[in-house]
Amino acid sequence: MLVGILTGSLAALWLYLLTVGILRDVWGVAPHPSAGGMYWVCLLLPFAAGVAAAATTLVWRRARPTAWAFLTTFVVLGIGMAAFQNFLDTFADHM
């Protein structure tokens, strides 16, 4: 269970610290919600990919407790990091 929590948190941190920036650079998306739908695709695509990958591990019966711990941690941290990233991207608008 602890393994699932640790790997879920590290995967969420890694995906949001690296992948969102890489996707924005590759696709040339401005780091602001006014960039349109591609901003949200860059922000939520790593989260959706991680959830889909983690959900496939629920097939193995012995791995279910660890997989549920991973999935729960990944979802909670992923949503939190996406919300925090959106806050940082729009911070100048609120001043």
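It should be noted that the structure appears before, not after, this text.
Because the structure is predicted, anything quoted here is derived from the model rather than measured.

A. Quick peek at the overall build of the chain. Counting its secondary structure elements, the chain contains 3 helices and 0 strands. Shown N-terminal to C-terminal, the secondary structure of the chain runs as helices and strands in the order α-α-α. For the chain, the spread of C-alpha atoms along the principal axes amounts to about 50 × 25 × 15 Å. Burial status across the chain gives 32% buried among its 95 residues. The long-range fraction of contacts in the chain, counting pairs at least 24 apart against all pairs at least 6 apart in sequence, stands at 64%.

B. Inspection of the packing of helix 1 (residues 2-27) against helix 2 (residues 37-55) at higher detail. Between helix 1 and helix 2, the least distance of the axes is 9 Å, while the angle of their chain directions is 140 degrees. Classified by the interaxial angle, the pair formed by helix 1 and helix 2 is oblique. For the pair helix 1 and helix 2, the sense of crossing is right-handed. Listed contacts from helix 2 to Leu15, Tyr16, Thr19, Val20, Leu23, Arg24 and Trp27 of helix 1 are Met38, Tyr39, Val41, Cys42, Leu43, Leu44, Leu45, Pro46, Phe47 and Gly50. Class assignment for the residues of the contact of helix 1 with helix 2 results in 14 nonpolar, 2 polar and 1 charged.

C. Quick look at the nonpolar core. Counting residues in hydrophobic clusters, the biggest one holds 18 residues, and the most contacted among them are Tyr16, Leu43 and Phe74. The element best represented in this core is helix 3 (residues 64-89), accounting for 6 residues. Dropping the residues within four chain positions of it, Tyr16 is found in contact with Leu43, Leu44, Phe47, Gly78, Met81 and Ala82.

D. Region of the structure containing the pattern of salt bridges. For the coordinates displayed, the defined rule picks out 1 salt bridge. Where Asp89 meets Arg24, a salt bridge forms, and the shortest distance between an N and an O atom there is 2.7 Å. A residue pair is termed long-range when its members are at least 10 positions apart, and Asp89 in helix 3 and Arg24 in helix 1 qualify at 65 residues. In this structure, Asp89 and Arg24 share a single accessibility class: buried.

Criteria and cut-off values
- Residues numbered from 1 in each chain as written.
- Predicted model: local features only at pLDDT ≥ 70, side-chain atom pairs only at ≥ 80, totals over all residues.
- Heavy atoms only, no water.
- Helix = DSSP H or I, 4+ residues; strand = E, 2+ residues; numbered from the N terminus.
- Buried < 20%, exposed > 50% of the residue type's maximum accessible area, 1.4 Å probe, protein only.
- Contact = heavy atoms within 4.5 Å.
- Axes fitted to C-alpha atoms, helices over the stretch in contact; angles between N-to-C directions.
- Parallel < 35°, antiparallel > 145°, perpendicular 65-115°, else oblique.
- Left-handed = near helix turned anticlockwise from the far one by under 90°.
- Nonpolar A, V, L, I, M, F, W, Y, C, P; charged D, E, K, R; others polar.
- Core = buried A, V, L, I, M, F, W, Y, C linked by side-chain atoms within 4.5 Å.
- Salt bridge = Lys/Arg side-chain N within 4 Å of Asp/Glu carboxyl O.

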